[in-house]
Amino acid sequence: MKSAVETLNPTRVRLTVEVPFEELKDSLDAAYKKINQQVTVKGFRKGKIPARVIDQRFGRGAVLEEAVNDALPKFYTAAVNEAELNPLGQPDVDITELKDGETLNFTAEVDVRPTIEIPDYSGIEVEVDAVEVSDEDVEKSVEQLRNRFASTNVVERAAQDGDVVSVDLEAKVDGEVLPDGVASDVSYTIGSGELLDGIDEAVKGLEAGGEATFTSQLKGGSAAGKDAEVTVKVTKVSARELPALDDEFAQMASEFDTLEELKADSRKRLENMKQYDQATQAQERVLEKFIELAEIPVPEKLLEDEINTRKHNLEHHQLGQMGLTLEKYLEFQGKTVEEFEAETREQAIKGIKTQFLLDELVNKEKLNVNQEELTEHLMRRAASSGMSPDQFAQAVVEGGQVPMLVGEVARGKALALVVEAAKVVDTNGEVVDLSDEDEEQAAETAEAAVEGDAEAKADEAK
């Protein structure tokens, strides 16, 4: 076999392959054997039909077609390996010449990973939000904890903001009660915004036994997106009573003896959260600058496939599970179809560039992933997926996705290198030290860039 490579553009090549006919022998033998098992000829036992009889009865062309279909993937793979290419996706193959007993010639056009020169990233500078926790932030955190320990007592009065009401609901569309539009004894905190638009105004002022009707656009269920006439009947009104903010509350709600110790712990927790957010922000902004410094061509077919995959996942998985159509999702987001298309394309380009660039840095720096790092990453991914580590690991192995996880960890290590070399300052002008940043956190940031944030935006529409 002889092969040659022609570069069509930075991300696509054409392989020209010439195969001497004698190299097709194994595939021809396999073709005769396969046809032997599929046909019957009077006077011959099944599987024992001579090749000349098969040629006479079924045509030499059928044998050649079967042999070529068997041989092409092998010769294509050999040509790719010989040229040391990194193909992306399936090739477009064209048989240019097939002469029985002489030769098989074909071409294969395929997208390939572009050659990328890693830019000097030592001069990258970014600004991030300062880590500042105010007294107001601490008070809000403690108040949230206090609300978790609130008690409720039934009251004989009209419902008002902050009360917990038990209600029965019935939703109609076009005068017909929906099959999934009836609910009884639903507990709802007035003002929480956790149920239906318009319910707060409807129940405020009602006592137990009171009833009201309002119109609301349904966010889920069989009539998602439609306006429904909702009848709400209040069956019970309960007032929420918050515990006093004192040392006794601190002892009840935490492991601390005093309220001041509880507040100090809340401040520390908030600082840790903001430091984590700050590190993520730094990683995202450094990555953006890193990508801007590099010349990264994007294969058009790969981009098209990536865009279609993102659309399909959003529309048929994420939104489908929420009972939303793409049209309704865009309405919630306040976006036109054109804006959505442009945003999806931009995210896909960024994802492809991120993966290409960080993978190239992994190769250049020879970054390896050890078992401990892979296990830690697997456990975090399992936790985010709602599966046990064993279940997730089994699914990963059975799905052949171990190399994918290894790639995620390696890209995180590559991004951590770039961030460590960058100069990061906060909005107060203070230098932020990220030399001890979590590589696993960097892996999450890198994968968020690779996969895009459509899922997060879908969650916002709930």
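Taking an unreviewed UniProt entry as the reference, the chain is identified by name as Trigger factor belonging to Streptomyces antimicrobicus. Entered under Function (unreviewed entry) in the UniProt record, the comment concerning the chain runs "Involved in protein export. Acts as a chaperone by maintaining the newly synthesized protein in an open conformation. Functions as a peptidyl-prolyl cis-trans isomerase."

**Q** Summarise the packing of aromatic side chains; cite the residues concerned and give the values.
**A** Considering all chains together, one arrives at two aromatic pairs under this definition. Where Tyr-121 meets Phe-290, the ring centres are 5.5 Å apart and the plane angle is 80 degrees; that geometry is what we call edge-to-face. Placement of the pair is Tyr-121 in the loop between β4 (103-112) and β5 (125-128) and Phe-290 in helix α7 (residues 259-293), with a sequence separation of 169 residues. According to the relative accessible area criterion, Phe-290 is buried, its value standing at 0%. Ring geometry for Phe-149 against Phe-249: centres 6.2 Å apart, planes inclined by 90 degrees, an arrangement best described as edge-to-face. In this pair, Phe-149 sits in the loop between α4 (135-148) and β6 (151-154) while Phe-249 sits in helix α6 (residues 247-253), placing the two residues 100 residues apart along the sequence.

**Q** An account of the layout of surface pockets is needed here, citing residue identities and associated values.
**A** Of the volumes computed, that of the second largest pocket is approximately 380 Å³. What lines the second largest pocket is a set of 19 residues, among which Asp-180, Leu-196, Leu-218, Lys-219 and Gly-220 lie closest to the centre. A per-element tally of the lining of the second largest pocket places strand β8 (residues 176-189) first, with five residues. Residue composition of the lining of the second largest pocket, by class: 10 nonpolar, five polar and four charged.

**Q** I'd love a proper account of the sheet that holds β4, names of residues and values included.
**A** Read across the open sheet, the four strands follow the order β1-β2-β4-β3; overall the sheet is antiparallel. This sheet does not close on itself; its edge strands, each paired only once, are β1 (2-9) and β3 (87-99). Across the sheet, the axes of successive neighbouring strands diverge by a mean angle of 20 degrees, strand direction being ignored. Here β3 pairs with β4 via nine bridges, running antiparallel. Residue pairing across strands places Asp-94 opposite Thr-107, the latter belonging to β4.

**Q** Pulling in residues and values, what's your account of the nonpolar core?
**A** Membership of the largest hydrophobic core comes to 39 residues, with the highest contact counts inside it found for Ile-124, Phe-290 and Leu-357. Sorting the residues of this core by element identifies β5, α7, α8 (300-321), α10 (337-365), α13 (402-421) and α14 (439-451) as the ones contributing at least two each. Residue contributions to this core peak at seven residues, all from α10. Among all residues touching Leu-357, those that are not within four sequence positions of it are Ile-116, Ile-118, Pro-119, Phe-290, Ile-291, Ala-294 and Ile-296. Within the second largest apolar cluster, 31 residues are counted, among which are Tyr-32, Val-53, Leu-64 and Val-80.

**Q** Talk me through the side chain of Arg-310; I want residue IDs and the actual numbers.
**A** As for its position among the elements, Arg-310 is in helix α8. Exposure remark for Arg-310: the relative accessible area of 10% places this residue in the buried category. Engagement of the side chain of Arg-310 in a polar contact is seen with the backbone oxygen of Val-450, the distance being 2.6 Å.

**Q** So, the pattern of salt bridges: which residues are in play, and what are the values?
**A** Per the stated rule, a full pass over the model turns up 32 salt bridges. Note that Arg-269 and Asp-265 form a salt bridge whose closest N and O atoms lie 2.6 Å from each other. Pair noted here: Arg-269 and Asp-265 are both in helix α7, with a separation of four residues, about one helical turn. Between Glu-408 and Arg-381 there is a salt bridge, with its nearest N and O atoms 2.5 Å apart. With a gap of 27 residues between them, Glu-408 in helix α13 and Arg-381 in helix α11 (residues 371-385) connect regions that are remote in the sequence. Note on Glu-408: relative accessible area 2%, which makes it buried.

Calculation criteria
- Residues numbered from 1 in each chain as written.
- Predicted model: local features only at pLDDT ≥ 70, side-chain atom pairs only at ≥ 80, totals over all residues.
- Heavy atoms only, no water.
- UniProt positions renumbered as here; feature names shortened; annotations may be inferred.
- Phe/Tyr/Trp six-rings, centres within 6.5 Å; stacked < 30°, edge-to-face > 60°.
- Helix = DSSP H or I, 4+ residues; strand = E, 2+ residues; numbered from the N terminus.
- Buried < 20%, exposed > 50% of the residue type's maximum accessible area, 1.4 Å probe, protein only.
- 1 Å grid on protein atoms, 1.4 Å probe; cavity = no way out; pocket = protein on both sides within 12 Å on 5 of 7 lines; lining within 4 Å.
- Points joined across faces, edges and corners; volume = space filled by probe spheres on them.
- Nonpolar A, V, L, I, M, F, W, Y, C, P; charged D, E, K, R; others polar.
- Pairing = 2+ DSSP bridges.
- Axes fitted to C-alpha atoms, helices over the stretch in contact; angles between N-to-C directions.
- Core = buried A, V, L, I, M, F, W, Y, C linked by side-chain atoms within 4.5 Å.
- Contact = heavy atoms within 4.5 Å.
- Polar contact = N/O pair within 3.5 Å; in protein donor to acceptor, adjacent residues only side chain to side chain.
- Salt bridge = Lys/Arg side-chain N within 4 Å of Asp/Glu carboxyl O.

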